[in-house]
Amino acid sequence: MSTDRGKKSSSPTSSFVVVANRLAVDRIEHADGSTGWRTSPGGLVTALEPVMRANDGAWIGWHGAPDEKLRPFSSDGMQLVPVHLTSDEVRDYYEGLSNGTLWPLYHDAVEHPHFHREWWDAYVEVNERFAARAAEVAEPGAVVWVQDYQLQLVPQLLRQRRPDLRIGFFLHIPFPPLELFQQLPWRNQILEGLLGADLVGFQLPGGAQNFVRLVRQRLHLQTHRDRVRTADGRTVLARAYPISIDADSFHDLAASPAVEQRAKQIRHDLGDPTTMILGVDRLDYTKGLRQRIRAFGELVNEGRVDPEETVYVQVATPSRERVDQYRQLRDDIDMLVGRINGESGRIGRPPITYLHASYPRDEMAALYRAADIMVVTPLRDGMNLVAKEFIACRQDDSGALVLSEFAGAAKELRQAYLVNPYDINGLKERLLEAMTDSPRVHARRMRFLRKQVFENDIDRWASLFLDDLAGRS
Ligand code: ADQ
């Protein structure tokens, strides 16, 4: 990750174009007060960097500030093409249709999805803007890779403008079953939007199957296994590509003396407990925070977990705070943690250390390394990278992962302590089991998990997808 003050480039074109809701850079302020850009530390950017560099790739996305128009610029060897959004569009397209309708609907409707026609209109308009920008930037015959649920109409809108392109789409969140998807007033438009791609990628085979089944039933198109025949005679492939992380770089970071030292310090600051339990999540209602915290609180209350020996650190980064359901969740969790800590009746360290901060990668690695038990209990999650990051940061076969069956990662990480997060008693038992199993049992499970994560890293994910896309004609 390095910084660059952002060289302006007028109208870039490229043979490899990524289209995502957000640009691959974050704005930073230099010591002298001037601003610049820094490559976002996320896995997607890391995965695509080599392909971007080799092809002088371009990344199209919103830069994060409403009502601001920016010209294209380059940073860190990437061409960045900002798409502007007005404040109203941020409200209707992003907070509205993307995060108030699609996000809850695609996550089993664990919160009620809201359907508003003006949100949909903004979604269409913004998707058109992204597609128009991609059509300008893509060279003849270029590969364009569209990312995620905010941009599901872009493949079709782009193909209408540029039939010469090879278009891929990847959905980072679950694709819901028929019964839920059918609720969407704009269900056919979304399916048709996605079918503009040559290859539609999902986290799990189940998502790909849901999509193919919907296309057959709703659009009456011919399908065969993972192939769909479109009305204009093309074949669209729908397949699973479980996303992963840059496992080696997480491992090496966690191995560094500075991180090792910091991990020791964290445990020391927590009172050198026998067991440190860790949760790291975006503060989101899909992540199962309520269930997890309740389970731990009950174990403490019942005297089955001794807070003198066991501490639970929960990092929860606030997100989407302008959406009502997220504000409510934050209040609920604050109250729940406060109640559990208050009722513990101890002077000194509380049973739960609850942190709202967002940390740099080395601090995350230190937390993962310091922890004995990682708890990842989403009610529904496309994949869940936190689970994989924890495993990559282990330096030996110690430690345990408690993982929800409803995280995409559970399909690969079969040797984790799998739980149904809706079953609070089951969650409590599983947590105790993970805490009390012998080091030999931990090692047997962890060896398998580490092998899985190191063999299936983010590079493999990107090359599997891009090779399949290149194979489409
Ligand atoms: P998310 O819902 O954001 O991603 P997740 O996959 O766990 O969930 O990724 C979170 C990322 O944020 C991780 O890389 C983690 O390290 C980082 N992070 C979390 N808390 C942090 C903190 N306090 N400070 C710094 N970094 C923090 C969506 C889907 C997932 C899917 C991914 C990728 O919901 O299911 O796995 O996209 O496709």
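Thresholds, definitions, all that
Residues numbered from 1 in each chain as written. Predicted model: local features only at pLDDT ≥ 70, side-chain atom pairs only at ≥ 80, totals over all residues. Heavy atoms only, no water. Domains from an automatic or database assignment. Contact = heavy atoms within 4.5 Å. Buried area = accessible area lost by both parts, 1.4 Å probe. Salt bridge = Lys/Arg side-chain N within 4 Å of Asp/Glu carboxyl O. Polar contact = N/O pair within 3.5 Å; in protein donor to acceptor, adjacent residues only side chain to side chain. Helix = DSSP H or I, 4+ residues; strand = E, 2+ residues; numbered from the N terminus. Expected span 1.5 Å × (residues − 1). Buried < 20%, exposed > 50% of the residue type's maximum accessible area, 1.4 Å probe, protein only. Arc of directions from axis to C-beta. Patch = residues over 30% accessible without salt bridge, like charges linked within 9 Å, V, L, I, M, F, W, Y side chains within 5 Å. Areas by Shrake-Rupley, 256 points an atom, 1.4 Å probe, with all protein chains shown as cover. Lys, Arg positive; Asp, Glu negative; His and termini not counted. Charge placed at Lys NZ, Arg CZ, Asp CG, Glu CD.

Student: Explanation requested: the domain arrangement of the protein in the structure shown.
Tutor: Size of an interface, as often reported, equals the accessible area lost when the parts are brought together. Considered domain by domain, the protein is made up of domain 1 (7-243 + 460-470) and domain 2 (247-455). Summarising the inter-unit geometry, the C-alpha centres of domain 1 and domain 2 are found 31 Å apart. With 21 residues of domain 1 at the interface, the matching set in domain 2 holds 23 residues. Buried surface at the junction of domain 1 and domain 2, both sides included, amounts to about 1800 Å², of which 58% is carbon and sulfur. Between Asp-108 and Arg-380 there is a salt bridge, with the nearest N and O atoms lying 3.1 Å from each other. Here domain 1 is connected to domain 2 by 8 residue pairs in polar contact (both at pLDDT 80 or more). Examining the composition of the side of domain 1 that touches domain 2, we find that 5 residues originate from one element, helix α2 (residues 87-106), more than from any other.

Student: Sorry if this is basic, but what is going on with helix α16 (residues 458-470) here?
Tutor: Working note: α-helix, 3.6 residues per turn, so residues spaced by three or four point in the same direction. For α16, with 13 residues, the first-to-last C-alpha span of 18 Å sits near the 18 Å given by 1.5 Å per residue. All buried positions along α16 are accounted for by Ile-458, Trp-461, Ala-462, Phe-465, Leu-466 and Leu-469. Across the axial projection of α16, the buried residues extend over an arc of 110°, all falling on one side.

Student: Is there a simple way to think about helix α6 (residues 187-194) in this case?
Tutor: Residues Ile-190, Leu-191, Gly-193 and Leu-194 constitute the buried set of α6. One face of α6 carries all of its buried residues, which in axial projection span an arc of 160°.

Student: Explain a negative patch on the surface to me, please; I cannot follow it from the model alone.
Tutor: A surface patch of negative charge is lined by Glu-118, Asp-121, Glu-125 and Glu-128. By the element assignment, Glu-118 lies in helix α3 (residues 117-137). Glu-118 gets classed as partly exposed once you look at its relative accessible area, which sits at 48%.

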